[in-house]
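# Topology and contacts: notes
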Amino acid sequence: MTQRVVVWGTGNVGRHAIIGVDARPDLELVGVWVSSDAKVGRDAGDLAGIDRRLGVAATDDVDAVLSLRPDCIVHTAMADNRLMEALDDLARLLRAGVNVVSSGPVFLQYPDGTVPAEMTDAIRTAAAEGGVSLWVNGIDPGFANDWLPLVLSSVCERIDEVRCYEILNYATYDQALVIFDSMGFGRPLDDIPMLLQPTVLTMAWGSVVRQLAAGLGIELDGVEEQYIRLPAPETFSIASGTIEKGTAAALRFEVRGMRSGRAVVVLEHVTRLRDDLAPDWPQPTGPGGYRVTIRGEPHYTLDLQMVGSDGDHNTAGLKATAMRLVNAIPAVVAAEPGLLTALDLPLVTGFGLAG
């Protein structure tokens, strides 16, 4: 049965979602929602950057999107700078009886114990009223720190610590809002950005830590966070703008799930804007990607390298986020109504082989 799909947002992730939906014969792209007046009326193929028309014109009319009666919406709109509005949007879509797979807000991937219940009550109520489901995921938070480490844990005799890394150079990631405002790159080191305000790291990636602990059957005593930033040795340019000498150019943070006074589940990000920065920090294998280490019996290290067809690892990460959502659509549509986590779904795979 072909399922009708709308892509909500056509930015860095949404344009890859359009291509992904079009590539699956069991999915039909029936609509595209955009927030920009300049994109209204444009063909989905044009917005996705491909050389053919898909016959679907973008709209900014929510009622028009809902009138298409889609089975699922792939929601990729930015949520970091408009948290409450994003939650309201998701609740409206669910209440209308549409399943949603979304890249954010990221804490919704496993909110229990991470945020107060009142932050998810409206979402759960809307899903129940609409008889549909919401699944929030991606590459990180998402596959790189839910199924990837859980699958690796299946060949362990004993587990003392699970640690999930993102080790990436963000220089080619063209999203100024994330780079400068959210993460604080290019800002003075005494200017604390939104991401590094107290408890924000835990709200975002504490969901990763708690979901992993739940998957492993571990009861945590609590979650801790820490970070360190390093300055640019000289002024240089990246895709999103200019990094002045002395401003933040490298960031390393950890979100730690604690039990009996020690870290047992850890999420660690090592983010550079130049490969030569912080040489003593963990280094990537290849151009960059994700790593899982399990300390126990035996010890394991699993490196996930990624690169897009354009040769860029950040393109690959954006496409991975989009396809994690798109490929899950059949499973989410078939699931019982509610706010789903990765622990609720069966194995999600890509579709067949390229023709």
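An account of the accompanying structure is given in this report. For every chain, the first residue of the written sequence is number 1, and numbering continues from 1 onward in sequence order. Selection of residues for local features in this predicted model requires a pLDDT of at least 70, selection of side-chain atom pairs for listing and counting requires 80 or more, and totals for whole chains, interfaces and linings are taken over all residues. Side-chain measures were taken over the full set of non-hydrogen atoms in the model, leaving aside hydrogen atoms and water.

## So, the sheet that holds strand 5 (residues 99–102)
Being paired, for any two strands, means DSSP has found at least two bridges between them. Numbering of helices and strands runs from the N terminus, with a helix taken as a DSSP run of H or I at least four residues long and a strand as a DSSP run of E at least two residues long. Spatial ordering of the open sheet is given by 3-2-1-4-5-6-15, a layout of 7 strands whose pairing is parallel. Only two strands of the sheet have a single neighbouring strand rather than two, namely strand 3 (58–59) and strand 15 (338–340). Here 2 bridges tie strand 2 (residues 27–33) to strand 3, and the two strands are oriented parallel to one another. By the bridge assignment for strand 3, Trp33 is matched with Thr59.

## Comments concerning the pairing of strand 13 (residues 289–297)
When you tally the buried positions in strand 13, you get 7 out of 9 residues, the bulk of the element. In this structure, strand 7 (residues 158–169) lies alongside strand 13, joined through 9 bridges in antiparallel fashion. When the sheet's bridge partners are listed, Ile167 is paired in strand 13 with Gly289. Bridging between strand 13 and strand 14 (residues 300–305) involves 6 bridges; their strand directions are antiparallel. Within strand 14, the position partnered with Ile294 by the bridge is Tyr300. Hairpin geometry of strand 13 and strand 14 is characterised by an intervening segment of 2 residues between the two adjacent antiparallel strands. Buried means the residue's accessible area, taken with a 1.4 Å probe over protein chains only, is under 20% of the maximum for its type, while exposed means over 50%, and partly exposed covers the values in between.

## As for the pattern of salt bridges
Salt bridges are identified by distance alone: a Lys or Arg side-chain nitrogen within 4 Å of an Asp or Glu carboxyl oxygen. Overall, the coordinates contain 20 salt bridges when judged by the stated rule. Notably, a salt bridge pairs Arg163 with Glu254, separated by 3.0 Å at the nearest N-O pair. Within this pair, whereas Arg163 is found in strand 7, its partner Glu254 is found in strand 11 (residues 248–259), the two being separated by 91 residues in sequence. For Glu254, a relative accessible area of 8% translates into the label buried. In this structure, the salt-bridge partner of Asp276 is Arg274, at a minimum N-O distance of 2.9 Å. Given a relative accessible area of 18%, Arg274 falls into the buried group. Among the ionic contacts, a cluster of salt bridges with common partners joins Glu161, Arg163, Arg252, Glu254, Arg256, Glu268 and Arg295.

## Notes on empty space enclosed by the protein
The method works on a 1 Å grid over the protein atoms by themselves. A cavity is a set of points holding a 1.4 Å probe that cannot get out, a pocket is an open set with protein on both sides within 12 Å along at least five of seven lines, and residues with an atom within 4 Å of a point line them. Grid points are joined across faces, edges and corners, and a volume is the space filled by probe spheres set on the points. Evaluated as defined, the whole model comprises 1 cavity of 30 Å³ or more. Size it by volume and the largest cavity reaches roughly 40 Å³. Together, Ile167, Pro284, Thr285, Gly288, Gly289, Tyr290, Arg291, Asp303, Leu304 and Gln305 line the largest cavity. Elements represented by at least two residues in the lining of the largest cavity include exactly strand 13 and strand 14. Under this grouping Gly is polar, as are all residues other than the nonpolar Ala, Val, Leu, Ile, Met, Phe, Trp, Tyr, Cys and Pro and the charged Asp, Glu, Lys and Arg. In the lining of the largest cavity, the residues fall into 4 nonpolar, 4 polar and 2 charged.

None of the figures reported here should be taken as evidence of function without further support.
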